[in-house]
Amino acid sequence: FRKDGSEFWANVSVAGISSQQGEIKSVVAVVIDITQRKAAETALRESEQQLKELLRLKDDFIGIASHELKTPVTSMKAYAEIVKESMEQLGDKQNSYLLSRLNQQIDRLTTLIRHLLDTSRISEGQLQLVSEKVDINGLLLERVDEIKRTTGHQFVCHLGKLPAVPGDRERLAQVMTNLLSNSVKYAPVHTTITVSSELEENAVRITVQDEGPGIAAADREKIFEKFFRSRTKVMGAYQGMGLGLYITAQIIQKHGGELSVKSE
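Model, not experiment: these values are computed from the prediction.

**Description of unusual backbone geometry**
Step number 1: Non-glycine residue His190 carries a positive phi angle of around 75 degrees.
Step number 2: Among the secondary structure elements, His190 is positioned in the loop between helix H4 (169-186) and strand S6 (192-199).
Step number 3: Note on His190: relative accessible area 60%, which makes it exposed.

**Quick word on the sheet that holds strand S7 (residues 204-209)**
Step number 1: Pairing is mixed in the open sheet, where three strands are placed in the order S4-S6-S7. The sheet is open, and its two edges are formed by strand S4 (154-159) and S7, each paired on a single side. The sheet shows a mean angle of 10 degrees between the axes of neighbouring strands, direction not considered.
Step number 2: Here S6 pairs with S7 via six bridges, running antiparallel. Bridge pairing in S7 links Leu199 to Val204.
Step number 3: Against the sheet, helix H3 (residues 136-147) touches S4, S6 and S7, its axis set at about 175 degrees to S4.

**Quick look at the nonpolar core**
Step number 1: Membership of the largest hydrophobic core comes to 16 residues, with the highest contact counts inside it found for Ile136, Leu139, Phe155 and Leu180.
Step number 2: If sequence neighbours within four positions are ignored, Phe155 has contacts with Val144, Ile147, Lys148, Leu180, Val184 and Ile193.
Step number 3: With nine residues, the next largest nonpolar core counts Val175, Leu243, Ile247 and Ile251 among its residues.

**Quick word on H3**
Step number 1: A rise of 1.5 Å per residue sets the reference length of H3, with its 12 residues, at 16 Å; its end C-alpha atoms lie 17 Å apart and thus fit the reference within 8%.
Step number 2: Of the positions making up H3, those classed as buried are Ile136, Asn137, Leu139, Leu140, Arg143, Val144 and Ile147. Axial view of H3: buried residues confined to an arc of 160 degrees, hence all on one face.
Step number 3: Among the structural elements, strand S3 (132-134), S4, strand S5 (165-167), H4, S6 and S7 are those in contact with the buried residues of H3.
Step number 4: If you check the start of H3, you find a side-chain oxygen 3.4 Å away from the backbone N of Asn137, and it comes from Asp135.

**Let's talk about the pattern of salt bridges**
Note on pairing: side chains with opposite charge can pair once their charged atoms come close.
Step number 1: Per the stated rule, a full pass over the model turns up 11 salt bridges.
Step number 2: Here Glu41 ties to Arg37 by a salt bridge, and the two come within 3.7 Å at their closest N and O atoms. Residue Glu41 and its partner Arg37 are located together in helix H1 (residues 35-89), separated by four residues, close to a single helical turn.
Step number 3: Glu41 sits in the partly exposed class, given a relative accessible area of 30%.
Step number 4: A salt bridge links Glu81 to Lys77; the nearest nitrogen and oxygen atoms lie 3.3 Å apart.

Here is what the cut-offs are and how they apply
Residues numbered from 1 in each chain as written. Predicted model: local features only at pLDDT ≥ 70, side-chain atom pairs only at ≥ 80, totals over all residues. Heavy atoms only, no water. Helix = DSSP H or I, 4+ residues; strand = E, 2+ residues; numbered from the N terminus. Buried < 20%, exposed > 50% of the residue type's maximum accessible area, 1.4 Å probe, protein only. Pairing = 2+ DSSP bridges. Axes fitted to C-alpha atoms, helices over the stretch in contact; angles between N-to-C directions. Contact = heavy atoms within 4.5 Å. Core = buried A, V, L, I, M, F, W, Y, C linked by side-chain atoms within 4.5 Å. Expected span 1.5 Å × (residues − 1). Arc of directions from axis to C-beta. Polar contact = N/O pair within 3.5 Å; in protein donor to acceptor, adjacent residues only side chain to side chain. Salt bridge = Lys/Arg side-chain N within 4 Å of Asp/Glu carboxyl O.

Next up, the structure:
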């Protein structure tokens, strides 16, 4: 207590002063008032708790909003496809083209909603895997065949002999699609995207290589962070929220693997 009777936090250090014979003759005590420091620590802990609660509420909102958006967007996609087919049958090329553009924007919105849902699941530790034996090469060829129909890029595959590996087939397909889509997005049209696979000592290595502008050295350590977007002119010219590679890295980590980048 202070002289006025008020309580305070104190840091007390006590040391004995010994004689030449080793006997303690006196004691020195140093008392430091640390009330302000303790108050600052308490305020910091309260701020941390408030921040955690706000982050939890944010993740809850993202999860609920994304889930609620999923159903109407799926319906919009279905109706747009039906109307587009009707326009094509009537020979209305202009409106058919406009509906194709609409479908592209709906696909972008669907991808965004899926990314937000996955981000929410990751934050809550609810990203679950359904493990089965997966033919990695077959899955790669399937993803390449699907994506090359939408682009003018050339694809070259160098696939080594691989055993079936345990993993979540749907999530691994999501990883491959995201990596291939990134190459298509950033590499100049008609350039080559090379996909390779090989068996290592205790793992399977998959590589996707393109002829794009590369990633700045300062960005390479950050590209797998949530919401990270490169500020370079080339990379910043493309739309996105910086969630694709974050989710991809989390899926690979859940499989006990590692996602890395090499760029010049």
